[in-house]
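# Structural characterization, general
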Amino acid sequence: MTERFADIQLLRYEVPGFSSLPLRQKLLVYYLAEASLLGRDILWDQNCSYGLRIRNVLETIYTCYDGPRDTSDWQAFVVYLKRVWFSNGIHHHYSYKKFQPGFSREFLLKETESLDLSEFLLTKEELMEIIFNPNVMPKRINQTDGEDLLLTSSCNYYAEGITSAEAETFYSNLRNKADKKRPPMIGLNSRLERNADGTLYENVYRSGGLYGTAIDRICEALDIARQYAENDKQRAVIDKLVEFYKSGNLKDFDDYAILWVEETLGEIDFTNGFTEVYGDPLGLKASWEGYVNIIDHEATRRAKALSDNAEWFESNSPIDSRFKKTECRGVSAKVINAAILGGDLYPSSAIGINLPNSNWIREEYGSKSVTIANLTRAYNVAARGSGMREEFVIDDDTKKLLEHYGDICDDLHTDLHECLGHGSGKLLPDVDSEALRSYGSTIEEARADLFGLYYIADPKLVELNLTPDAEAYKAQYYSYLMNGLLTQMIRIEEGQQLEEAHMRNRALISNWVLEHYPTAVQIVCKNDKHFVCISNYPLLRRAFGELLAEVQRIKSEGDFAAARNLVEQCGIKLNPKLHREILKRHKQLNLAPYKGFINPKYELVRNEEGDIIDVSISCDEAYDEQMLRYSKQYKTL
Ligand code: ZN
């Protein structure tokens, strides 16, 4: 166990296999890791235009403070700063709501008295308003239907005053002009801004452009990393990425993505750049992230067994044949261990990643899909003995089921979701891949999850030696619905709704089957506590299949109205009474709803002549120490 504050628990992760790598591969990991940490400030600025300035002030107070440490003001200040670090900004990483500080205005005024705030490019009024006024920048991403998503979101992808309608017109014009068959990821790597004459233009993230100083330092690290590449293709990937960072041209980005998908022989791989669009209310602009990974040979067998059978899964899927891929190719799947997490993957990280996001590249070249074994392991270790199952699972038989099959099925569901789910199905010709707009991410996650839920119960998995027997899937069905209907609510504050795409997707699926298949699943009350009760597992599988077919139809046809209906009906609202009960039961367990990771620290080891003879790894850095070191060592903006 490591540090705990507010709703966060920090974990550490081991990097199996690193120490036994040859020096050359260690150096590749080292320099790619450097490149993964150097983009940190970009993300902070993308999340909020005030993020970096506020961080600098808070860190200065934190390091210079010489007052008493046992006061509630100081302690609340420390918690606030730790939360800001965790979220890479002043808004909660999951709910997107601005943090409310627990310290007083007087405390902050006193601690900033001796500071020259102009050095931080802030006025006292701005600082106080941003930190204390709940109505100023209240939400990083607002997705409330019917409101102007840009004017009400405080993320920094669009200049102030640009409306959703203006941005959507701007981008639909660009889309109309673009190659229809192989469209670039329009809008991905820029901030939309306004000219003096009122027209809009993109301020592109590139060397010499927006975030140029950060991008140049990333490129320097990549240029060293390329010397240690494991093969020519991997070197070409790194070179193309640097070329893209220099040009900012999205065609270079697609070329890079294709080279990256095709490079499958290296034992070390990485992601570095503007990648996921969850942080943009319009789902166009990508936040910066970086990570490096090392293959886990052992566990890769499991994922490979799935991708080798991709065609079988696609042709046996319960979706309409018009939406099936005729040829299913290149779903490369491997299990990896993370060596470093950076940008939007730090400290809170995904445990499975499937890239690239470009639909046509996925169709023509396939995608790379990974499950991050060492992070999952760290989660499982932390979860064991937490008391959650004792509190929320309906009976002893179900508890035994979860005990017995829980870990295997969890890993397998992630594999199915990442290796096959996201890669399956296709859009009908002429359907705009952005047609589902703000509902697109939730629908896409639902599609991948449903694919996993449907197939985890398939006898094919027993045949492939992936599940031990025909009962195992029940563990996944139970834990999935328990999470979707009950326990994921612990991450949401009372009175709030679901915002994050993965959470909305789980609620959507669970509520839909609860409503449409009451003979398969119910919520029952025992001793004033509510539990999920599954009374017909095979029927539940049919329900997942039916919903998968519908969600695939929505995606393939770009049926925005149906997507909106489904998400708004089943994926957002919480039952207030049930929510209150779950929060109360969870509170008694005294656990943190969110977890994240402290990175290992890599250092070059030199001999007396100054030659590099090794790269050391250590996993004992404290959270604040790491954050302050990153702010200094990887300060780029
Ligand atoms: Zn996914």
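A quick note: this is a predicted structure, and the numbers were derived from the prediction, not measured.

### As for the domain arrangement of the protein chain
With domains assigned, the protein chain is organised as domain 1 (164-204) and domain 2 (296-594). When each unit is reduced to the centre of its C-alpha atoms, the spacing between domain 1 and domain 2 is 33 Å. Contacts between domain 1 and domain 2 engage 6 residues on the former and 7 residues on the latter. When domain 1 packs against domain 2, close to 540 Å² is buried across both sides, 54% of that on carbon and sulfur atoms.

### Regarding the side chain of Gln488
By the element assignment, Gln488 lies in the loop between helix H19 (473-485) and helix H20 (501-516). With relative accessibility at 3%, the residue Gln488 sits in the buried group. A distance of 2.9 Å separates a polar atom in the side chain of Gln488 from the backbone oxygen of Met503. Look past the residues within four positions of Gln488 in its chain and what remains in contact with it is Asn483, Leu498, Met503, Arg506 and Ala507.

### A short note on helix H21 (residues 537-557)
Over its 21 residues, H21 extends 30 Å from the first C-alpha to the last, a length consistent with the 30 Å expected when each residue adds 1.5 Å. Structurally, the start of H21 carries an N-cap: the backbone nitrogen of Leu539 is 3.1 Å from a side-chain oxygen of Asn536. One or two residues past the end of H21 sits Gly558, with phi positive at roughly 65°.

### Concerning the packing of helix H9 (residues 232-247) against helix H10 (residues 250-262)
Running from N to C, H9 and H10 cross one another at 165°; their axes reach a closest spacing of 9 Å. For the element pair H9 / H10, the angle class is roughly antiparallel. Every pair of crossing elements has a handedness; the one defined by H9 and H10 is left-handed. Residues Lys233, Ala236, Val237, Lys240, Leu241, Glu243, Phe244 and Ser247 of H9 pack against Leu250, Asp252, Phe253, Asp255, Tyr256, Leu259, Trp260 and Glu262 of H10. Its residues placed into classes, the contact of H9 with H10 shows 9 nonpolar, 1 polar and 6 charged.

### A short note on the coordination of the zinc ion
In the first shell of the zinc ion, the protein supplies His417 (NE2), His422 (NE2) and Glu445 (OE), at 2.1 Å from the metal. If you list the donors of the zinc ion from N- to C-terminus, the spacing comes out as H-x4-H-x22-E. Of the two residues, His422 sits in the loop between helix H16 (396-421) and helix H17 (440-456) while Glu445 sits in helix H17, which places them 23 residues apart along the sequence. Comparing His422 with Glu445, the two get one shared label, buried.

### Here we look at the pattern of salt bridges
What the rule picks out here adds up to 42 salt bridges. One salt bridge in this structure joins Lys474 and Glu471, with 3.0 Å as the shortest N-O distance. The exposure class assigned to Glu471 is partly exposed, which follows from its relative accessible area of 38%. Connected via shared salt-bridge partners are Asp320, Arg322, Glu550, Arg553, Glu557 and Asp559.

### A look at the environment of Ala563
Counting through the fold element by element, Ala563 comes out in helix H22 (residues 560-570). Residue classification places Ala563 among the buried positions, given a relative accessible area of 0%. In sequence terms Ala563 and Val551 are 12 residues apart; their C-alpha atoms lie 8.0 Å from each other. Residues in contact with Ala563, not counting those within four places in the same chain, are Leu436, Tyr439, Ile443 and Ile554.

### A word on the state of the cysteines
Such a bond, covalent and formed between the sulfur atoms of two cysteines, is termed a disulfide. By the definition in use, this model includes 0 disulfides. Free of any disulfide, Cys155 has its nearest cysteine sulfur in Cys48, 9.0 Å distant.

### Overview of the nonpolar core
Counting residues in hydrophobic clusters, the biggest one holds 206 residues, and the most contacted among them are Leu222, Tyr477 and Leu481. In this structure, this core is formed jointly by two domains, domain 1 (164-204) and domain 2 (296-594), each of which donates at least three residues. If we skip the residues at most four places from it in the chain, Leu481 touches Leu486, Ser510, Val513, Val521, Val532, Ile534, Leu540 and Phe544.

### Comments concerning the packing of H17 against H19
Relative to each other, H17 and H19 sit at 145°, their axes nearing to 9 Å. From H17, Asp449, Leu453, Tyr454 and Ile456 reach across to H19, where they touch Tyr473, Gln476, Tyr477 and Tyr480. Across the contact of H17 with H19, the residue classes tally to 6 nonpolar, 1 polar and 1 charged.

### A look at the packing of aromatic side chains
Applying the stated criterion to the full structure yields 38 aromatic pairs. For the ring pair Phe253 and Tyr256, a centre distance of 6.0 Å and an interplane angle of 45° mean the geometry is tilted. Of the two residues, Phe253 and Tyr256 are both situated in helix H10; the distance of 3 residues between them amounts to about one turn of the helix. Take Phe253 and Tyr256: they sit in the same class, and that class is buried. Aromatic side chains Tyr477 and Phe544 sit 4.9 Å apart centroid to centroid with 80° between the ring planes, which places their arrangement in the edge-to-face category. Of this pair, Tyr477 sits in helix H19 while Phe544 sits in helix H21; the two residues are 67 residues apart in sequence, bridging distant segments of the chain.

Rules of the game
- Residues numbered from 1 in each chain as written.
- Predicted model: local features only at pLDDT ≥ 70, side-chain atom pairs only at ≥ 80, totals over all residues.
- Heavy atoms only, no water.
- Domains from an automatic or database assignment.
- Contact = heavy atoms within 4.5 Å.
- Buried area = accessible area lost by both parts, 1.4 Å probe.
- Helix = DSSP H or I, 4+ residues; strand = E, 2+ residues; numbered from the N terminus.
- Buried < 20%, exposed > 50% of the residue type's maximum accessible area, 1.4 Å probe, protein only.
- Polar contact = N/O pair within 3.5 Å; in protein donor to acceptor, adjacent residues only side chain to side chain.
- Expected span 1.5 Å × (residues − 1).
- Axes fitted to C-alpha atoms, helices over the stretch in contact; angles between N-to-C directions.
- Parallel < 35°, antiparallel > 145°, perpendicular 65-115°, else oblique.
- Left-handed = near helix turned anticlockwise from the far one by under 90°.
- Nonpolar A, V, L, I, M, F, W, Y, C, P; charged D, E, K, R; others polar.
- Donors = N, O, S within 2.8 Å, 3.2 Å for Na, K, Ca; no water.
- Salt bridge = Lys/Arg side-chain N within 4 Å of Asp/Glu carboxyl O.
- Disulfide = S-S within 2.5 Å.
- Core = buried A, V, L, I, M, F, W, Y, C linked by side-chain atoms within 4.5 Å.
- Phe/Tyr/Trp six-rings, centres within 6.5 Å; stacked < 30°, edge-to-face > 60°.

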